[in-house]
Amino acid sequence: MLINIFNVILIILITFVTYKYFALREKSAPSLDRTMNYINGFGAIADRVEGYDSPHAMIMADMAEKIAREKGMSEDEIISLRYAAILHDIGEILLPRNLLKTSEKLDEENLFLLRTHPLLGELQLRNKDFPYDEVPTLVRWHHERFDGTGYPDSLKGEEIPLSCRILALVDAVSAMKEERPYRKKAMKMNEIVKELDLKSGIQFDPELVEIWKMLFLKAQTGGEN
Amino acid sequence: MIRLQSSWLLESATEVASIESLFFPFIHRYSSLNWFSRREMPMTVNNPLDSQAMLLRVWLEGKNGHFSEKNRRKFNQVIKKPLELDMNPFRAWNDRLFDRKQLDYLFYWRESAYEIEEVAQREIFWSAVYAIMSYWHSNRKIGRAPAYEPDEIMHYVLQMHKDNLNKKECDLTLLSAPFEEIEAPEVSLAVFPLIFSDEESEENQLQSIFHAWLHGHADTEQASRDIKNQLRKYSFSLEKKTDFPNYLRLGANADVVAICWSGEELPPRIHEQEIIDPFRREFSNHFSRSRFSIKTINPTTDTYDYLLLFFN
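The rules behind the values
Residues numbered from 1 in each chain as written. Chains lettered and ligands numbered in written order. Predicted model: local features only at pLDDT ≥ 70, side-chain atom pairs only at ≥ 80, totals over all residues. Heavy atoms only, no water. Helix = DSSP H or I, 4+ residues; strand = E, 2+ residues; numbered from the N terminus. Rg over C-alpha atoms; globule rule 2.2 N^0.38 Å. Buried < 20%, exposed > 50% of the residue type's maximum accessible area, 1.4 Å probe, protein only. Contact = heavy atoms within 4.5 Å. Areas by Shrake-Rupley, 256 points an atom, 1.4 Å probe, with all protein chains shown as cover. Lys, Arg positive; Asp, Glu negative; His and termini not counted. Charge placed at Lys NZ, Arg CZ, Asp CG, Glu CD. Buried area = accessible area lost by both parts, 1.4 Å probe. Salt bridge = Lys/Arg side-chain N within 4 Å of Asp/Glu carboxyl O. Phe/Tyr/Trp six-rings, centres within 6.5 Å; stacked < 30°, edge-to-face > 60°. Axes fitted to C-alpha atoms, helices over the stretch in contact; angles between N-to-C directions. Parallel < 35°, antiparallel > 145°, perpendicular 65-115°, else oblique. Left-handed = near helix turned anticlockwise from the far one by under 90°. Nonpolar A, V, L, I, M, F, W, Y, C, P; charged D, E, K, R; others polar. Pairing = 2+ DSSP bridges. Expected span 1.5 Å × (residues − 1). Polar contact = N/O pair within 3.5 Å; in protein donor to acceptor, adjacent residues only side chain to side chain. Domains from an automatic or database assignment.

Enquirer: I'd like to hear about the overall build of chain B, residue by residue, with values.
Expert: Helix and strand content of chain B: eleven helices and seven strands. Against the globule reference of 20 Å for 312 residues, chain B gives a C-alpha radius of gyration of 21 Å, in line with a compact fold. Expressed as a percentage of the 312 residues in chain B, the buried residues total 57%. Once local pairs closer than 6 in sequence are excluded, the contacts in chain B between residues at least 24 apart make up 74%. Within the structure as shown, chain B displays about 13800 Å² of accessible surface, and the carbon and sulfur contribution to it stands at 45%. Treating the 37 positive side-chain charges of chain B as one cloud and the 46 negative ones as another, the clouds have centres 3 Å apart.

Given below as structure tokens:
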């Protein structure tokens, strides 16, 4: 009888402690979860505006995180990188829709307009008092190219923060995997690898291209997607 | 290393004055001015180094057009047999900076360009080599063979140069003079991208290699010393005395002076003490007001971009 009472008290105690533990855990991280949910929502809107059928920004964020972990980036840096990946094209929401949907080659004026989207994105995030100071700047530089011919600032090589070099790579790879207005068919994986090899040291950081290939091959042999 | 954030610079300066013309007493890399070159705004730019001034003429100014198709066919040939290494003035770089095949092309491109009659055409051809060296260098760093053959990458870069020319809008005046010889122009905004005398970056190394190549020798140490010597009156140092009067003289006729730089591994308060405060002291007699802005790049590594404005 005593043992039974003891068991009941023990079960109640364990249940109480477990309840307290989960309640405390929920309290300790709700803002991060809420922020992430909002950000994911904005990212999904930007994807639709850009005409992606897949969750392009989320795919980018996952791919970017894998590369970042391989590079040994810190947890804080990875969180910022994920936010920047999801919000990278937020500036496109402010551009005329036909500019993003057209399959025709853009003239110089429209190309210039399209290329303002990293600046618009940065400005939007700064105006919203975004909690991570560095994320707007990462958004600004997601179209910089390793050889210094990107936009808006034509940064070159190591001047481009590592997170932005990762964003540039995963944005391109993710776009290659999809049908786009300027390309009717999604590229096959061997075509993507060939394209990355050609642009290594021109558009992309060669080291990151090799890491991406290594992760991709690992995923292929390990049956991971 | 400096990240020049052109639109940030212009927006910030526009908040304190009307900006209609620009002066860069020094620019660290030609493509940093791409954004400004697409604005309809007169711009005066100086780089005392002949190798960098040539890149500015070709890539930024571009008033001599693109590399002709006739010259491309004639001078961008495939080298079928390896050249004699002993004859190559850059042989000291073999397997250290470039592979044997790349060295053959560096020798051939430099020498064959002397046969191009028009100097402007020759400069375009030589300037393409800077972009190619950068491409080779970044791939070599991770032990990877470049995907493009030398003649293919030359073709690619020349085409990129041609495409780039159409985008220029600004009225550009290029100078290549020592700092003490430049007269400060009357402009709305004078911009000083700060470079630090003790800094070693990949871009610095590349510029030394290119400088040595253009001058026909393989001594990158000598090239590096030449560059440092040319920039002596401009570069900033936390240890040595900085030539503040030189900065002040070059910015004296500007409505707004902007000093911008990038920092890492040191918290912003150190930058305030060691850079901002001394500049404020030196400029206070000429400019009554100043404004300091900062952008976070990576708080984990204390990486920030800084902008200091002086105005009246």
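Enquirer: I'd love a proper account of the overall build of chain A, names of residues and values included.
Expert: Helix and strand content of chain A: eleven helices and zero strands. Along chain A, helices and strands appear, N-terminal first, in the series α-α-α-α-α-α-α-α-α-α-α. Counting the 225 residues in chain A, one finds 48% classified as buried. For chain A, restricting intrachain contacts to residue pairs at least 6 apart in sequence, the fraction spanning at least 24 positions comes to 60%. Accessible area of chain A: about 12100 Å², with a carbon and sulfur share of 59%.

Enquirer: Go over the interface of chain A and chain B with me, naming the residues and quoting the values.
Expert: Contacts between chain A and chain B engage 36 residues on the former and 40 residues on the latter. Summing both partners gives a buried area of about 3000 Å² for chain A against chain B, and 52% of it is carried by carbon and sulfur. Area buried by chain A at its contact with chain B is led by K156, E158 and E159 of chain A, which between them contribute 20% of it. Viewed at the interface, chain B and chain A are joined by five salt bridges.

Enquirer: Account for the packing of aromatic side chains, naming residues and giving values.
Expert: All names here are of chain B. Within this structure, the stated rule accounts for 38 aromatic pairs over all chains. Residues F26 and Y234 carry aromatic rings whose centres are separated by 5.0 Å and whose planes lie at 45° to one another, so their mutual orientation is tilted. With F26 in the loop between strand 1 (22-24) and helix 2 (34-37) and Y234 in the loop between helix 9 (220-230) and helix 10 (244-251), this residue pair connects regions lying 208 residues apart in the sequence. Exposure remark for F26: the relative accessible area of 4% places this residue in the buried category. In this structure Y234 comes out as buried when scored by relative accessible area, which is 0%. With a centroid separation of 5.0 Å and an interplanar angle of 20°, the aromatic rings of F179 and Y234 are classed as stacked. Of this pair, F179 sits in the loop between strand 3 (172-175) and strand 4 (187-193) while Y234 sits in the loop between helix 9 and helix 10, and the two are 55 residues apart along the sequence. Given the relative accessible area of 1%, F179 is considered buried.

Enquirer: I'd like a description of the packing of helix 3 (residues 56-70) of chain A against helix 9 (residues 162-176) of chain A, backed by residues and values.
Expert: Relative placement of two packed helices is described by the angle separating their axes and the distance separating the axes. Residue and element names in this part refer to chain A. Between helix 3 and helix 9, the shortest axis-to-axis distance is 9 Å and the interhelical angle comes to 130°. Our classification of the angle between helix 3 and helix 9 gives oblique. Note on packing geometry: the crossing formed by helix 3 with helix 9 is right-handed. Contacts from H56, I59, M60, M63, A64, I67 and A68 of helix 3 reach helix 9 at I166, L167, L169, V170, D171, V173, S174 and A175. Taken together, the residues of the contact of helix 3 with helix 9 break down into twelve nonpolar, two polar and one charged.

Enquirer: Could you give an account of the pairing of strand 4 of chain B, with specific residues and numbers?
Expert: All names here are of chain B. With respect to burial, strand 4 is a largely interior element, seven of its seven residues being buried. For strand 4 and strand 5 (residues 254-263), the ladder comprises six bridges, and the chain directions are parallel. Among the inter-strand pairings, V187 is bridged to a residue of strand 5, identified as A254.

Enquirer: Account for helix 5 (residues 100-112) of chain B, with residues named and values stated.
Expert: All names here are of chain B. Along its 13 residues, helix 5 runs 18 Å from first to last C-alpha, staying within 8% of the 18 Å computed at 1.5 Å per residue. In terms of residue burial, helix 5 counts as a mostly covered element, since ten of its 13 residues are buried. Listing the buried residues of helix 5 in full gives Q102, L103, D104, Y105, L106, F107, Y108, W109, R110 and S112. Looking at the buried residues of helix 5, the elements they touch are helix 4 (69-75), helix 6 (119-141), helix 7 (150-165) and helix 8 (202-214). One side-chain oxygen of the residue at the start of helix 5 lies 3.2 Å from the amide nitrogen of K101, identifying that residue as D99.

Enquirer: Describe the pattern of salt bridges, with residues and values.
Expert: This structure, assessed with the given rule, holds 30 salt bridges over all chains. For D62 of chain A, the salt bridge is made with R82 of chain A, and the minimal N-O distance between the two is 3.0 Å. Highlighted residues: D62 of chain A in helix 3 and R82 of chain A in helix 4 (residues 75-87), separated in sequence by 20 residues. With a relative accessible area of 39%, D62 of chain A lands in the partly exposed category. Across the pair E69 of chain B and R73 of chain B runs a salt bridge whose closest N-O atoms are separated by 3.6 Å. One end of the pair is E69 of chain B and the other is R73 of chain B, both in helix 4 and four residues apart, which spans about a single turn. A network of salt bridges, in which partner residues are shared, links D62, E65, R69, E75 and R82 of chain A.

Enquirer: An account of the domain arrangement of chain B is needed here, citing residue identities and associated values.
Expert: Much of the literature gives interface size as the accessible area that the parts lose upon coming together. Residue and element names in this part refer to chain B. We note that the domain assignment places domain 1 (6-61 + 169-197 + 232-311) and domain 2 (69-165) within chain B. Taken together, the nine residues of domain 1 in the interface contact ten residues of domain 2. Interface of domain 1 and domain 2: buried area, both sides summed, is about 930 Å²; carbon and sulfur atoms make up 61% of it. If you sort the residues of domain 1 by the area they bury against domain 2, M54, V58 and W59 come out on top, with a joint share of 63%. Run the count over domain 1 and domain 2 and you get one salt bridge.

Enquirer: Can you lay out the packing of helix 9 of chain A against helix 10 (residues 189-199) of chain A for me, pointing to particular residues and giving the numbers?
Expert: All names here are of chain A. Their axes nearest at 10 Å, the elements helix 9 and helix 10 cross at an angle of 145°. Handedness of the helix 9/helix 10 crossing: right-handed. Touching L169, V173 and M176 of helix 9 are I192, E195 and L196, all from helix 10. For the contact of helix 9 with helix 10, a count of residues per class yields five nonpolar, no polar and one charged.

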